[in-house]
Amino acid sequence: MRPGDPSLSPEYLAAQERGRVTGRVQGFIKDDQAELRVDNGLIDPYFSRLRASLEKSLENAPVFDGTSLLHQATTSWSSQAGRYGATGSPGTGPAPMPPTVDEQLKKLEALQERGGEAWMEYLRQRVQAGGEMQKLAGGGGAKLVVTLELHQGPDGVLRDARLVSTSGNKSYDAYVLNGVPPALVKLAPPPDNARGVRADGIHTLWSVEGRVVYLRKLKDMERKDSLYMAAALAAGVLAGRFEETTGEIEVIDFRNPRFVCQAHLLRVY
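Each value, and the rule that gives it
Residues numbered from 1 in each chain as written. Predicted model: local features only at pLDDT ≥ 70, side-chain atom pairs only at ≥ 80, totals over all residues. Heavy atoms only, no water. Helix = DSSP H or I, 4+ residues; strand = E, 2+ residues; numbered from the N terminus. Expected span 1.5 Å × (residues − 1). Buried < 20%, exposed > 50% of the residue type's maximum accessible area, 1.4 Å probe, protein only. Arc of directions from axis to C-beta. Contact = heavy atoms within 4.5 Å. Salt bridge = Lys/Arg side-chain N within 4 Å of Asp/Glu carboxyl O. Polar contact = N/O pair within 3.5 Å; in protein donor to acceptor, adjacent residues only side chain to side chain. Core = buried A, V, L, I, M, F, W, Y, C linked by side-chain atoms within 4.5 Å. Pairing = 2+ DSSP bridges. Axes fitted to C-alpha atoms, helices over the stretch in contact; angles between N-to-C directions. Patch = residues over 30% accessible without salt bridge, like charges linked within 9 Å, V, L, I, M, F, W, Y side chains within 5 Å. Areas by Shrake-Rupley, 256 points an atom, 1.4 Å probe, with all protein chains shown as cover. Phe/Tyr/Trp six-rings, centres within 6.5 Å; stacked < 30°, edge-to-face > 60°.

### Notes on helix 2 (residues 46–57)
In an α-helix, one turn spans 3.6 residues; hence positions three or four apart end up facing the same way. With 12 residues, helix 2 extends 16 Å between its outermost C-alpha atoms, agreeing within 8% with the 16 Å of an ideal straight helix rising 1.5 Å per residue. Taken together, the buried positions of helix 2 are occupied by Tyr46, Phe47, Leu50, Ser53 and Leu54. Looking straight down helix 2, one finds its buried side chains confined to an arc of 115°; they lie on one side. On its buried side, helix 2 packs onto strand 1 (144–152), helix 5 (170–185), strand 3 (202–213) and strand 7 (258–268).

What follows is the structure, given as structure tokens:
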């Protein structure tokens, strides 16, 4: 503290504060513009190829600790219980329109005539269990998510990669970071004057989401799997899904978990 120190004057302090506020506001504007470029598709197809290359590099990931089937089920049911307590509905979207009283009475009368109240309760439990199995098998349990920031040269060469936010799982975080360099090495450079590529380089922000899935293509099931399929069918957990674009059928196979990573482009600066 020195008498007459100019850094203590009100004018100097006000100028410092203006500089800090201006910097923050400009940062907000840049973030909004970078997000709008992605939302409105104002970027080159190069970024779609970059996303595909990232996901390709992250294929065949191990099943990380803390993503077991028991953990997935516990997390899923706990989150549903929390949603039910908060909203009265375990679903994530808007509640569907309830049936009218007349519709409810007609359905109840038909079910009671067919099998009685015990059969109705059994049916309700089977439907609920089947829905849970479907969701868990498709990766609807707990997920690992990181936010990844990339800096590249205008030719696409990687300059720096860092995690802005982590998943809480150090093994998964390291796996994502280690997958970035090989993904960019295999990728062709962006074309000249590509939208989203500046003269000083490329700056992007990504979300990389990882989850365990228990779906397996029916055509990949072997004869030795027939015992499992019979047991799963008897237990009512053989349900799967039909892929309309490829015509392939996938069935739930809790014996062979796979870890799948998906990259989502958030911002292009």
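Moving on from the coordinates now.
### Considering the pattern of salt bridges
Per the counting criterion, the structure on display carries eight salt bridges. A salt bridge links Arg51 to Glu55, with the shortest nitrogen-to-oxygen separation between them at 3.4 Å. Highlighted residues: Arg51 and Glu55, both in helix 2, separated by four residues, approximately one helical turn. Within this structure, Asp31, Glu35 and Arg267 form a network of salt bridges that share partners.

### A look at the side chain of Thr147
Residue placement: Thr147 occurs in strand 1. Residue classification places Thr147 among the buried positions, given a relative accessible area of 16%. Only 2.7 Å separates the side chain of Thr147 from the side chain of Ser165, close enough to count as a polar contact. When near neighbours in sequence (up to four residues on either side) are disregarded, Thr147 contacts Arg162, Leu163, Val164, Ser165, Leu205, Trp206 and Leu266.

### A word on the nonpolar core
One finds Phe47, Leu50, Leu148, Tyr172, Trp206 and Phe259 to be the most contacted residues of the largest nonpolar core, which totals 33 residues. Only helix 2, strand 1, helix 5, strand 3 and strand 7 provide two or more residues apiece to this core. The element that contributes the greatest number of residues to this core is helix 5, accounting for six residues. Discounting chain neighbours no more than four positions away, the residues touching Leu148 are Arg162, Leu163, Val176, Leu177, Val180, Thr204, Leu205, Trp206 and Val208.

### Re the sheet that holds strand 2 (residues 158–165)
Within the open sheet, the four strands sit side by side as 2-1-3-7. Their pairing is antiparallel. Among the strands making up the open sheet, the edge pair consists of strand 2 and strand 7. Taken pair by pair, the neighbouring strands of this sheet meet at an average axis angle of 25°, ignoring direction. Strand direction decides the pairing type here: strand 1 and strand 2, joined by six bridges, are antiparallel. From the neighbouring strand, His151 faces strand 2, where its bridge partner is Asp160.

### What to know about a nonpolar patch on the surface
A surface patch of nonpolar side chains, about 210 Å² in accessible area, is lined by Val21, Val25 and Ile29. Along the chain, the position of Val21 falls in helix 1 (residues 10–39).

### Focus on the packing of aromatic side chains
Given two aromatic rings, their pairing is described by the distance between the two centres and the angle made by the two planes. Evaluated as defined, the whole model comprises five aromatic pairs. The interplanar angle of 80° and the centroid separation of 5.5 Å between the aromatic rings of Phe64 and Tyr172 together place this pair among those described as edge-to-face. In this pair, Phe64 sits in the loop between helix 2 and helix 3 (69–87) while Tyr172 sits in helix 5, placing the two residues 108 residues apart along the sequence. Residue Phe64 shares its accessibility class with Tyr172, and that shared class is buried. The interplanar angle of 80° and the centroid separation of 4.9 Å between the aromatic rings of Phe64 and Phe259 together place this pair among those described as edge-to-face. One end of the pair, Phe64, is in the loop between helix 2 and helix 3; the other, Phe259, is in strand 7, and 195 residues separate them in sequence. A relative accessible area of 5% means that Phe259 is categorised as buried.

### Quick word on unusual backbone geometry
You will see that Asn60, though not glycine, has its phi angle at about 60°, which is positive. Within the element layout of this structure, Asn60 appears in the loop between helix 2 and helix 3. Backbone geometry places Asn193, a non-glycine residue, at a positive phi of 60°. Owing to a relative accessible area of 80%, Asn193 belongs among the exposed residues under this scheme.

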